[in-house]
Amino acid sequence: MDAYGIWETVETRNLGEEPDQKKSKQALAFLFQAIPEEMVLQMSSYTDAKKVWDGLKTRYLGVDRVRAARIATLRRELEGLRLKEGELVDDGASKVSGLVSKLRGLGHEIEEEEMVRRLLDAMPNSYLQIVTSIEQCFDLDSMLFDEVVGRLKSYEERRKSRGEKEEEQSQLLMAEQKYGESSERVRGRGRGYGRGERGRGRGTGRGGDKSRFRCFNCGEFGHFGYECTKWDEKKEEANLAEDVNNLSLF
């Protein structure tokens, strides 16, 4: 409105000075365009731009006591701001910036230094290492808010990439363990089958017919492998052949 030369219609006027009607209507139109639709209906009875402006000041700024109470509430919220594990640096920066904007809108100025300290205090325990490094290595009194946000985000990206690598290694380890357990179960079933076969063989040998069973050593029917007498003969022949080969070397 000041750029269009109509701000004078809502400023404090000298006693007895009447506003320019054309400028007042223009200022009124500007105000109605800037406020929410439901508020336009509430203030539609106002025909003077100054009355609309005073009503907005009362609604949003309030009287001094209400304004002071809102500032105190926002300051407590800013000082007690704490991010939860898993929240991003951008989340913390947005919360701090939003509270500071509200305080400045109420006329309470917040310095850059305080914004930096509030953001560092709000970071979760997983950022303790980088927060401590920033506090020890940099002068917070001259550090910009955007600078500390950039350093925290750089640390966040490194933690994220390292976490992805650790997750891949963990999945690989779990896959290897699962494969090992599956192989062990397969071997266990094989050993169990052998024991069961031998048990059945012994039971059959005590009073059953073995004629339909084939020996896995010699291939003949009528006995099991552990009962095979030709196994020792094969072993002796193999040993003899080995001795002959050894002698031929000399």
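What counts and how
Residues numbered from 1 in each chain as written. Predicted model: local features only at pLDDT ≥ 70, side-chain atom pairs only at ≥ 80, totals over all residues. Heavy atoms only, no water. Helix = DSSP H or I, 4+ residues; strand = E, 2+ residues; numbered from the N terminus. Buried < 20%, exposed > 50% of the residue type's maximum accessible area, 1.4 Å probe, protein only. Contact = heavy atoms within 4.5 Å. Areas by Shrake-Rupley, 256 points an atom, 1.4 Å probe, with all protein chains shown as cover. Salt bridge = Lys/Arg side-chain N within 4 Å of Asp/Glu carboxyl O. Phe/Tyr/Trp six-rings, centres within 6.5 Å; stacked < 30°, edge-to-face > 60°. Lys NZ or Arg CZ within 6 Å of the ring centre and 35° of its normal. Core = buried A, V, L, I, M, F, W, Y, C linked by side-chain atoms within 4.5 Å. Expected span 1.5 Å × (residues − 1). Arc of directions from axis to C-beta. Polar contact = N/O pair within 3.5 Å; in protein donor to acceptor, adjacent residues only side chain to side chain. Axes fitted to C-alpha atoms, helices over the stretch in contact; angles between N-to-C directions. Parallel < 35°, antiparallel > 145°, perpendicular 65-115°, else oblique. Left-handed = near helix turned anticlockwise from the far one by under 90°. Nonpolar A, V, L, I, M, F, W, Y, C, P; charged D, E, K, R; others polar. pLDDT = per-residue confidence, 0-100.

S.K.: Describe the overall build of the protein, listing the residues and the values that go with them.
M.R.: Of regular secondary structure, the protein possesses nine helices and zero strands. Along the chain direction, N to C, the helices and strands of the protein fall in the order α-α-α-α-α-α-α-α-α. When burial is assessed residue by residue, the protein has 24% of its 250 residues classed as buried. Of the contacts formed within the protein by residues at least 6 apart in sequence, a portion of 49% connects residues at least 24 apart. Carbon and sulfur atoms make up 50% of the accessible area of the protein, which totals about 18300 Å².

S.K.: Please provide a residue-by-residue account of the pattern of salt bridges, values included.
M.R.: Applying the stated criterion across every chain, the model contains 12 salt bridges. Of the charged contacts in the structure, one is a salt bridge between Glu 87 and Lys 95, with a shortest N-O distance of 2.9 Å. Where salt bridges share partners, they join Arg 75, Glu 79, Glu 114 and Arg 118 into one cluster.

S.K.: Account for the environment of Phe 138, with residues named and values stated.
M.R.: Mapped onto the secondary structure, Phe 138 falls in the loop between helix 7 (128–137) and helix 8 (145–207). Assessed through its relative accessible area of 31%, Phe 138 is described here as partly exposed. Beyond its immediate chain neighbours, meaning those up to four positions away, Phe 138 contacts Ser 133, Met 143 and Arg 151.

S.K.: I'd like a description of the packing of aromatic side chains, backed by residues and values.
M.R.: Considering all chains together, one arrives at three aromatic pairs under this definition. Seen in terms of ring centroids, Trp 7 and Trp 53 are 5.0 Å apart; in terms of plane orientation they differ by 90°. Their pairing is edge-to-face. Of this pair, Trp 7 sits in the segment before helix 1 (21–34) while Trp 53 sits in helix 3 (residues 49–60), placing them 46 residues apart in sequence. Classification of Trp 7 by relative accessible area gives partly exposed; the value is 25%. Among the residues examined, Trp 53 registers a relative accessible area of 27% and is labelled partly exposed. Over the ring of Tyr 127 we find Arg 159, and its NZ or CZ is 5.1 Å from the ring centre.

S.K.: I'd like to hear about the nonpolar core, residue by residue, with values.
M.R.: Residues Val 148 and Leu 152 are the most contacted members of the largest nonpolar core, which totals 30 residues. Counting only elements with at least two residues in this core, the list comes to helix 4 (64–79), helix 5 (89–105), helix 6 (112–122), helix 7 and helix 8. In contact with Leu 152, not counting residues within four places along its chain, are Val 89, Leu 119, Leu 120, Met 123, Tyr 127, Ile 130, Val 131 and Ile 134. With 11 residues, the next largest nonpolar core counts Leu 31, Ile 35, Ala 49 and Leu 56 among its residues.

S.K.: Can you tell me about helix 1, naming the residues and giving the values?
M.R.: The end-to-end C-alpha separation of helix 1 is 20 Å, in line with the 20 Å expected for 14 residues at 1.5 Å each. If you check which residues of helix 1 are buried, you get Ser 24, Ala 27, Leu 28 and Leu 31. The arc that holds the buried residues of helix 1, viewed along the axis, is 105°, so those residues lie on one side. Projecting away from the buried face of helix 1 at angles above 90 degrees are the exposed residues Lys 22, Lys 25 and Gln 33. Looking at the buried side of helix 1, the elements it contacts are helix 3. Structurally, the start of helix 1 carries an N-cap: the backbone nitrogen of Lys 22 is 3.0 Å from a side-chain oxygen of Asp 20.

S.K.: Before we move on, can you summarise the packing of helix 4 against helix 5 with the specific residues and values?
M.R.: Their axes nearest at 10 Å, the elements helix 4 and helix 5 cross at an angle of 160°. When the interaxial angle is binned, helix 4 and helix 5 end up roughly antiparallel. Relative to helix 5, helix 4 is oriented so that their crossing is left-handed. In this structure, helix 4 contributes Ile 71, Leu 74, Arg 75, Glu 77 and Leu 78 to the contact, and helix 5 contributes Val 96, Leu 99, Val 100, Lys 102 and Leu 103. The residue inventory of the contact of helix 4 with helix 5, partitioned by class, reads seven nonpolar, no polar and three charged.

S.K.: Give a detailed account of the confidence of the model for the protein, specifying residues and quantitative values.
M.R.: Overall, the predicted model of the protein reaches an average pLDDT of 77, with 68% of residues at or above 70. By mean pLDDT, the top-scoring element of the protein is helix 6 (94), and the lowest-scoring one is helix 9 (residues 230–249) (56). Confidence drops under pLDDT 50 across residues 192–207; counting only partners more than four residues distant or on other chains, this segment forms 11 contacts.

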